[in-house]
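Structural overview
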Amino acid sequence: MSSLTPYGLTCELLEQPLGIDERRPRLSWKLSSSRRGDAPTAYRLRVAARPEDLDDPARLLWDSGVRQPELPHVRYDGPPLQSGTRYHWRVSVWDADGSQAGEATSWFETGLLHTDDWLAAWIGLDPACEPVADPPRDDDRTDRTRPLRPCPHLRRAFRLDGRPVRARVYVSARGLYELSVNGHRVGDDELAPGWTDYRERVQYQVHDVTGLLREGENVIGAVLADGWWSGYVGFDVRHQALHYGPAPQFIAQLAVDFADGSRRLVTTDGTWRTGRGPIVYSDLLMGELVDAREDVPGWNAPGFDDRGWAPAAVLDGDVTSLTATADQPVRVVAELPAVSVEPRGDGRHIVDLGQNMVGRVRLTVRGAERGARLRLRHAEMLDGGELYLANLRTAEATDQYVSAGGPVEVFEPRFSVHGFRYVEVSGHPGPLLPEDVTGRVLQSATPPAGEFHCSDEMVTRLQSNIQWGQRGNFVSVPTDCPQRDERLGWLADAQVFLPTAARNADVSAFFARWMRDVVSGQDAEGAFPDVAPQVCVTNQGAPAWGDAGVIIPWQLYRLYGDVRVLERSYEAMAAWVEHIRRHNPDLVWRARVGKHYGDWLQVGVETPRDLLATAYFARSAQLTGLAAGVLGRKDDATAYEELHRSIREAFVAAFVEPDGRVAGGTQTAYLLALAFDLLPEQLVPAAVEHLAADVEARGRHLTTGFVGVSLLCPVLTEHGRADLAYALLHQDGFPSWCYSIRHGATTIWERWDGWTEERGFQSAAMNSFNHYALGSVGDWLYGRVAGIDQEPGSVAYRRLLLRPAVGGRLSWARAYQETPYGRVASGWRLGEGDVRVDVSVPPGATAVLHLPAADGAAVREGDGPVTAADGVRVIGDGQGVLAVELASGDYRFTAPAPQETAGADSRRRPV
Ligand code: RAM
């Protein structure tokens, strides 16, 4: 009996999504098996209205029939889907012997598929009776460009004549909302509806509220906040204009079904009532002020007298911007206990959470006097024992609580987020105990997908810092920093970090959704924006930034097999390449470079900007050609391939010397030329030598900025210099990853010199201590140190390339990663005179493994010689590497220890 079993079922990249709006949603699953060599030979999908109907052929809505396995996403191809309907689906698989094996069942639910399904209107406070902000209180700031306003509360009471059998609420806001039904909070989303390019799209959420409703009187309530819609967003907030609208708005449609088949709708309209609660203001950047004395008990439950509340204003009925949620919501994903609380004697305490994090604090207060004001300020670093606040720029990041005088009160802001490790609490009556302060970590809930571990403490910390950088900056959109007045979706940061992010978590839905904002920001000329959603930064089209509009869809296709993101981005990708070509007929990209950032934050060197730009132009042309090929656009594929070849020639003519030297001579210049395959074959060895010589001449230090850093270790390893890559990894002098770790970093810093022994803090004008770009080395930790990669031309890790590079100070390393086919693992451990290599290949995938082995003939798998092992075929032996081809399964190899642990290997990096 085969054990081939589907697991991890998703629809539209999400697990059991409530409310999708794709007409032909994609169904996906992974496979596991305990049998070596197992592989799916066929699959069958069935979709039905009820789970029990899946067994009844007459009641199926769609039956794919028995089909050959294909890419990991299969499009539903049955009759048109209805709005607001749950569909159950089952996948059955056939194993390597052609026998029917496991099956698994899941469901998805549609949202409102047609704009006329929406009968609700956008509502908000009546502008005529908008509450005036309180006059400034004691320590309120008076230098904001506009006052912060109380959070509107909205409620609607209604009667139900029976018990509902099913109820869904479709809900969104221009701003942020928190929804409740009969006094109970609905769902656990934070910062809903998330940030999208609101001019084009606002995502709505769907919740199952069946269990919260009852016969008789019911109340639906919402609290709104400005959020990204009407709050402070981006930098220079003292002078900024509003980005989207003047005040938050709300929309909801509750559909309640009864046993007799009847339906009752409750929608936002002029019958809703609006009032105020205890939140005096709340802003993402500035913080939140709650006056608990103004709490309105029972406002969102039946029985409350809302005659004193004002009718809501009906603002507009335009629902065309509403789209279903296509990614995971932001949630509280972890809680951090305080590691120390230091009283400062003047009513202040400094609390250390031990980890630079993003979210907010939950504070317990006992015995405060009514009217006592507590203040929480947040910082990433301490300076002389006090909060270092200068790098927040104008973000106040201050939460305040005015006590109602209860015996125990708990304060946690709802609509503000901060990036911090330290919290200064003032006004607490004391004693303030560590258990009174909890860090609540917020993040887009991208499912964890991989782990990397190794024997070295510093590298382990580096991996942790990379993950915390990802956690803290994947909050609805991929941002550059979570603390200062910026927090924008910078495109280059995202494209260099995506391969690393995809190792740690399933970011397929997160990035595919964000790509829509990237495309929305493209201008009429074809230039992609520098940030998406596009606010604050009006520049367009910077090299390596704009190119993300091409690179990200391509990466999502390669990593996840997502063809749809290519289809939806293709026109924009081509328009971008054409834009550059149009303005640079000699194919050296010098014109229309926007606000060229170069190799941003490189150290002490300057990579020639036209070289960097031209390398990216070549890359974008190449990837657009490959995308055209995938989409069956043959002419485009040929045309872009030719363009790529011509740009490559122009690059060589403009920037490459006959001895393999590249203009500027910086590490990044060589890295771009090598990684993007821009050099004539015969010059590659010389270029590698020049690159290595530069690293050596600098005492094995890097000089790379955001652009070069992601290529550094991969390129060195690819070209036989894993020894140097490891030297850079372990380097702890300035500049290096470990330098920051040696100085206490728990996240990746924006700048190599964010803090140095010689000068202390860098200029506060731009100095984030939580930025993921320089953490893009994480892809190499999984890909080469542990060894999980895929063959050039392979998609979704279908053909694995496992090349553990035994080396550096490490005695072992291992990683696993969930890929679209299933779980891949690779790890190695040096023993007495031998090296053990363990790998797992999921069913449906195959692998080529490069085993580091001094003597190929002596390699064993399990208890026998490698040549006799089931599922293993030796394909090459030489230069200390035994290459084997593997069928799916778990393998354990033992090889005589390699003489030189440098992973020498000349294979080229896959595109
Ligand atoms: C700063 C940040 C950001 C970077 C831009 C160019 O705002 O460092 O990450 O992309 O500059």
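In case you missed it, the structure is sitting above this.
Numbers given to residues run from 1 along each chain, matching the order in which its sequence is written. In keeping with the predicted nature of the model, local features appear solely for residues at pLDDT of at least 70, side-chain atom pairs appear and are counted solely at 80 or more, and the whole-chain, interface and lining totals rest on all residues. Hydrogens and waters are ignored; side-chain quantities use all the structure's heavy atoms.

Secondary structure is summarised from DSSP: a helix means a run of H or I of at least four residues, a strand means a run of E of at least two, and numbering begins at the N terminus for each. Across its full length, the protein chain carries 14 helices and 49 strands. In terms of overall dimensions, the protein chain is globule-like: its C-alpha atoms have a radius of gyration of 29 Å, near the 29 Å expected for 911 residues. For the protein chain, the C-alpha atoms occupy an extent of roughly 85 × 75 × 60 Å along the three principal directions. Residues counted as buried form 64% of the 911 residues belonging to the protein chain. Excluding contacts between residues fewer than 6 apart, the proportion of contacts in the protein chain whose partners are at least 24 apart in sequence is 75%. Summing over all exposed atoms, the protein chain offers an accessible surface of approximately 31,600 Å²; the carbon and sulfur share of this is 49%. C-alpha atoms define the radius of gyration in this analysis, and the globule rule sets the expected value at 2.2 Å times the number of residues to the power 0.38. Categorising residues by exposure relies on relative accessible area from a 1.4 Å probe, with only protein chains included: less than 20% of the type maximum marks a residue as buried, more than 50% marks it as exposed, and the intermediate range marks it as partly exposed. A contact between two residues is defined here by any heavy atoms of the two lying within 4.5 Å. Values of accessible area rely on a 1.4 Å probe in the Shrake-Rupley scheme; residue burial ignores everything except the protein chains shown.

Read across the sheet, five strands follow the order E2-E8-E7-E4-E5 without closing on themselves; strand pairing throughout is mixed. Of all strands in the sheet, those bounded by a partner on one side alone are strand E2 (18-20) and strand E5 (62-63). Judged from the two bridges that link them, E2 and strand E8 (residues 100-110) form a sheet pairing that is parallel. Across the sheet, residue Ile20 finds its bridge partner in E8, namely Thr110. DSSP-based pairing: two strands are paired if at least 2 bridges between them are found.

Looking now at the site of the ligand. In this text, near means that some heavy atom of the residue lies within 4 Å of the molecule or strand in question. As a matter of local geometry, the ligand sits amid Asp480, Arg484, Glu486, Trp490, Asp493, Trp545, Tyr597, Trp600, Phe706, Glu750, Met766 and His771. Polar contact criterion, stated in full: a pair of N or O atoms within 3.5 Å, where within protein one must be able to donate a hydrogen and the other to accept it, and residues adjacent in sequence count only if both atoms are side-chain atoms. In this structure, Glu750 approaches the ligand through a side-chain N or O atom, which is 2.5 Å from an oxygen atom. Relative to its free-state accessible area of 290 Å², the ligand is covered by the protein chains to the extent of 96%. In this classification, Asp, Glu, Lys and Arg are treated as charged, Ala, Val, Leu, Ile, Met, Phe, Trp, Tyr, Cys and Pro as nonpolar, and every other residue, Gly included, as polar. Grouping the constituent residues of the shell around the ligand by class yields six nonpolar, one polar and five charged.

Each reported salt bridge corresponds to a side-chain nitrogen of Lys or Arg within 4 Å of a carboxyl oxygen of Asp or Glu. Tallying each qualifying case throughout the model produces 82 salt bridges. The partner of Arg393 in a salt bridge is Glu486, and the shortest N-O contact between them spans 2.9 Å. With Arg393 in the loop between strand E29 (386-388) and strand E30 (398-402) and Glu486 in the loop between strand E36 (477-478) and helix H3 (491-504), this residue pair connects regions lying 93 residues apart in the sequence. Note that Glu718 and Arg803 form a salt bridge whose closest N and O atoms lie 3.0 Å from each other. Highlighted residues: Glu718 in helix H11 (residues 706-718) and Arg803 in the loop between strand E40 (799-802) and strand E41 (812-819), separated in sequence by 85 residues. Here Glu718 and Arg803 have matching classes, each one buried. Counted as one network, the salt bridges with shared partners bring together Glu342, Arg344, Asp346, Arg348, Arg375, Arg377, Glu386 and Glu424.

This part takes up the pairing of strand E26 (residues 348-366). Among the 19 residues of E26, 16 are classified as buried, and the element is accordingly described as predominantly covered. Here strand E25 (residues 340-343) runs beside E26; their pairing, made up of four bridges, is antiparallel. Bridging from a neighbouring strand, Val341 pairs with Val351 of E26. Connecting the antiparallel pair E25 and E26 is a turn made up of four residues, with Gly345 showing a positive phi of about 85°.

Once that is clear, we can look at H11. A bend of about 35° at Leu712 is the largest found in H11, and the proline Pro714 appears one to four places after it. Counting buried residues along H11, 13 of its 13 residues qualify, which places the element largely inside the surrounding structure. Gly720 lies just past H11 and shows a positive phi near 80°. Bend is the name given here to the angle between axes fitted to two runs of seven residues, the run ending at a residue and the run starting at it.

This brings us to the nonpolar core. Counting residues in each nonpolar core, the largest one holds 215 residues, and the members touching the most others are Phe452, Val507, Phe511, Leu886 and Phe893. Of the residues forming this core, the biggest block, 11 residues, is contributed by helix H7 (residues 609-630). Think of a nonpolar core as a cluster: buried Ala, Val, Leu, Ile, Met, Phe, Trp, Tyr and Cys residues, connected wherever their side-chain atoms sit within 4.5 Å. Grouped together as the second largest cluster of nonpolar side chains are 26 residues, Ala192, Val209, Ile220 and Ala252 included.

Before going further, it helps to examine the sheet that holds strand E18 (residues 273-276). A sheet is described by the order of its strands in space; here six strands give the open sequence E13-E12-E15-E10-E18-E21, paired in antiparallel fashion. Edge positions in the sheet fall to strand E13 (184-185) and strand E21 (310-311), since each of these pairs with one other strand and no more.

Moving on, we come to the packing of aromatic side chains. Any pair of Phe, Tyr and Trp rings, taking the six-membered ring for Trp, is counted once the centres come within 6.5 Å. Such a pair is stacked with planes under 30 degrees apart, edge-to-face with planes over 60 apart, and tilted for the rest. For the structure shown, the criterion picks out 37 aromatic pairs. Judged by centre distance (5.7 Å) and plane angle (80°), the rings of Tyr597 and Trp600 are edge-to-face. Take Tyr597: its relative accessible area is 8%, and that puts it in the buried class. Sitting above the plane of the Trp468 ring, Arg471 keeps its charged end 4.4 Å from the centroid. Working rule: Lys NZ or Arg CZ, within 6 Å of ring centre, within 35 degrees of ring normal, means a charge sits over the ring. Directly above the ring of Tyr816 sits Arg823, whose terminal nitrogen or CZ lies 3.8 Å from the centroid.

Attention shifts here to the side chain of Glu380. Examined against the element boundaries, Glu380 turns out to sit in the loop between strand E27 (373-379) and strand E28 (381-383). Positive charges come from Lys and Arg alone, negative charges from Asp and Glu alone, with His and the N- and C-terminal ends not counted. Buried charge without a salt bridge: Glu380, with Arg484 as the nearest opposite-charge side chain at an N-O distance of 7.6 Å. A polar contact of 3.0 Å, which involves the side chain of Glu380, links it to the side chain of Asn356. Polar side-chain contacts of Glu380 include one of 3.0 Å to the side chain of Asn391.

This part takes up the side chain of Ser740. With respect to the helices, strands and loops of the structure, Ser740 is situated in helix H13 (residues 737-742). Judged by relative accessible area, Ser740 falls into the buried class, the value being 11%. Only 2.9 Å separates the side chain of Ser740 from the backbone oxygen of Trp737, close enough to count as a polar contact. Apart from the residues lying within four places of it in its own chain, the contact partners of Ser740 are Ala745 and Trp749.

Along the chain, the position of Leu671 falls in helix H9 (residues 667-675). Ignoring any residue separated from it by four or fewer positions in sequence, one finds Leu671 in contact with Phe676, Leu691, Thr704, Gly708, Leu711, Leu712 and Val715.

Quick reminder: α-helices carry 3.6 residues per turn. Residues three or four places apart thus point the same way. To estimate the expected span of a helix, count its residues, drop one, and scale the result by 1.5 Å. With 22 residues, helix H8 (residues 634-655) ought to run about 32 Å at 1.5 Å a step, and its terminal C-alpha atoms sit 31 Å apart, in line with that. Among all positions of H8, only Ala637, Tyr640, Leu643, His644, Ile647, Ala650, Phe651 and Phe655 are buried. Along H8, the residues classed as buried sweep out an arc of 150° about the axis, all on the same side. Of the exposed residues in H8, the ones pointing more than 90 degrees away from its buried face are Lys634, Asp635, Glu649 and Ala653. Buried-residue contacts for H8 involve helix H6 (563-583), H7 and H9. In this context, the arc is that of the directions from the helix axis out to the C-beta atoms.

Another point: the packing of helix H5 (residues 548-560) against H6. Fitted lines through C-alpha atoms serve as axes, helices being fitted only where they are in contact, and the angles separating the N-to-C directions of these axes extend from 0 to 180 degrees. As a packed pair, H5 and H6 sit with axes 9 Å apart at the nearest point and diverge in direction by 160°. In terms of orientation, H5 lies roughly antiparallel with respect to H6. The element H5 and its partner H6 pack so that their crossing is left-handed. In this structure, H5 uses Gly549, Val550, Pro553, Trp554, Leu556 and Tyr557 to contact H6, whose residues at the interface are Val563, Val565, Leu566, Ser569, Met573 and Trp576. Tallied by class, residues from the contact of H5 with H6 come to 10 nonpolar, two polar and no charged. Note on terminology: angles under 35 degrees are roughly parallel, angles over 145 are roughly antiparallel, angles of 65 to 115 are roughly perpendicular, and the others are oblique. Each crossing gets its hand from how the near helix is turned against the far one by less than a right angle, where anticlockwise is left-handed and clockwise is right-handed.

Coordinates in, geometry out; function isn't part of it.
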